[in-house]
Structures are given as C-alpha cells and as structure tokens.
Amino acid sequence: SQQGEEDPQALSIQEGENATMNCSYKTSINNLQWYRQNSGRGLVHLILIRSNEREKHSGRLRVTLDTSKKSSSLLITASRAADTASYFCATVPIDNTDKLIFGTGTRLQVFP
Amino acid sequence: EAGVVQSPRYKIIEKKQPVAFWCNPISGHNTLYWYRQNLGQGPELLIRYENEEAVDDSQLPKDRFSAERLKGVDSTLKIQPAELGDSAVYLCASSFQAASRAFFGQGTRLTVV
C-alpha cells in the first residue's frame, strides 16, 4: 500500500528553471522525507521534515509541509541536467513509526 | 562509511524456481527494510526488522516469500517458487533507528521468465 501521491507524475523543464513537486498523504505523520532515484539505481535521501516544522532548506532544495492539508512540496531551484531523476516522498505515520511508506513518485526531466 | 550492499545486482530465473537476495546494512544500523519496486512505481514495504526481530511483515506474501536477519546484521530475502509477477527491483535499506532517514542499496533487479 502507498500512502502518498506525488503530483505531477512527470515534469519536463529547461536547465535553470525551478521544479516544484507536490505530495499528498492520507494519515497523520511523524515526519515526511524526500528521496531521489536515478534511473536503475537506489534511492538517495534528500531531506526530512518533522510534523512540527513548516519549511526546510538544503542547498537548492526547499521543502514545505502543511499538516492541515496533509501535503508537502519540494522545490528545486536553478535546476541542472543532473537533477533528472524520479523524486519520491515517504511518510512515517504518527501511529506507526515503524513504517516508511513511499508515494508514487514524480519523474523529472531537465533538458540542457 | 560503506553503504548498504546488495547482491546480486541482476537475476534472471525461470518461473517456479527459487531465488534469494542478500543485504548487508550499514554497520550499527538496527533497522533494516526490504522493499519491492515495480516499474514506474514507488517502493512498497515487504518487511522491516529491528535487530533480528521482524516487527512488520504484514505486506510479505508469506506463502512464497521468507526473510531472515541472523544476528541482527545481514539479511536474506527468499522467494520460492517465483512467479512471473515477482519481476521487480528488490531494495534493501537500513537506518539507525525507526523513523529516521533510510540508506538504500542499489537493489536487485529480478526477472522471472
């Protein structure tokens, strides 16, 4: 079962543009995490935001969390061709912190 | 720091044959996950270990799948017998503790023919 859904499913942009991906989830969370997956490879952790946080930055990444709407967004600024990958949100439910549940992912293509 | 190591990277087997995947997590990580990822989808949790104890295996198809984590370190995931629908990438991940960031291996791509 998958808790989160990313939107859009696919996104194509030019280098230098910003990319925004959204994640909606169903149940209350302990934290929400974003991961990147390059083609044919494992997932790499990008950022973790806790339920009591509203915004977090890491380099060119900006993550926001709105627990009232059960949604999060990932913004990649000044995108590069190397940012081409699939991006997944993953949630840790507040009533079951054993789990790390992934969404369906957004495929980002950045053209040089 | 060595990452999560999985083997093999690729495996092609005929249906009804058995197959096993191996995972060596990051040293000191108590939590270990096995996920299955179908093409174009997100990873789906199969089983989670805290040390050597399987604390969540609700998504593991127990009629054909089994897993173990001896001594709370390495883990193996087995499928017997494999079916065509088992073709997927099997990912292993570990974390220092539950609810923290997870580190993933490169995965094993299984093709059942």
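One structure accompanies this document, and this report is about it. What you see is a predicted model; the values in this text were computed from it and never measured.

### Observations concerning the environment of B:Gln37
Here B:Gln37 is to be found in strand 4 (residues 31-37). Taking the C-alpha atoms as reference points, B:Gln37 and B:Arg109, 72 residues apart in sequence, are found 9.3 Å from one another. Among all residues touching B:Gln37, those that are not within four sequence positions of it are A:Gln37, A:Phe88, B:Gly42, B:Pro43, B:Ala88, B:Val89 and B:Leu91. A polar side-chain atom of B:Gln37 sits 2.9 Å from a polar atom in the side chain of A:Gln37. Here the side chain of B:Gln37 touches B:Gln41 through a polar contact of 2.9 Å, landing on its backbone oxygen.

### Some details on the interface of chain B and chain A
Reports often express the size of an interface as the amount of accessible area lost when the parts come together. Facing 25 residues of chain B, the contacting portion of chain A comprises 23 residues. For the pair chain B and chain A, the summed buried surface comes to about 1,800 Å²; carbon and sulfur atoms form 44% of the total. Put simply, chain B and chain A have one salt bridge between them. Salt-bridge contacts for B:Asp56 lead to A:Lys99; the nearest nitrogen and oxygen are separated by 2.5 Å. Counting across the chain B and chain A interface gives five residue pairs in polar contact (both at pLDDT 80 or more).

Cut-offs and rules
Residues numbered from 1 in each chain as written. Chains lettered and ligands numbered in written order. Predicted model: local features only at pLDDT ≥ 70, side-chain atom pairs only at ≥ 80, totals over all residues. Heavy atoms only, no water. Helix = DSSP H or I, 4+ residues; strand = E, 2+ residues; numbered from the N terminus. Contact = heavy atoms within 4.5 Å. Polar contact = N/O pair within 3.5 Å; in protein donor to acceptor, adjacent residues only side chain to side chain. Buried area = accessible area lost by both parts, 1.4 Å probe. Salt bridge = Lys/Arg side-chain N within 4 Å of Asp/Glu carboxyl O.

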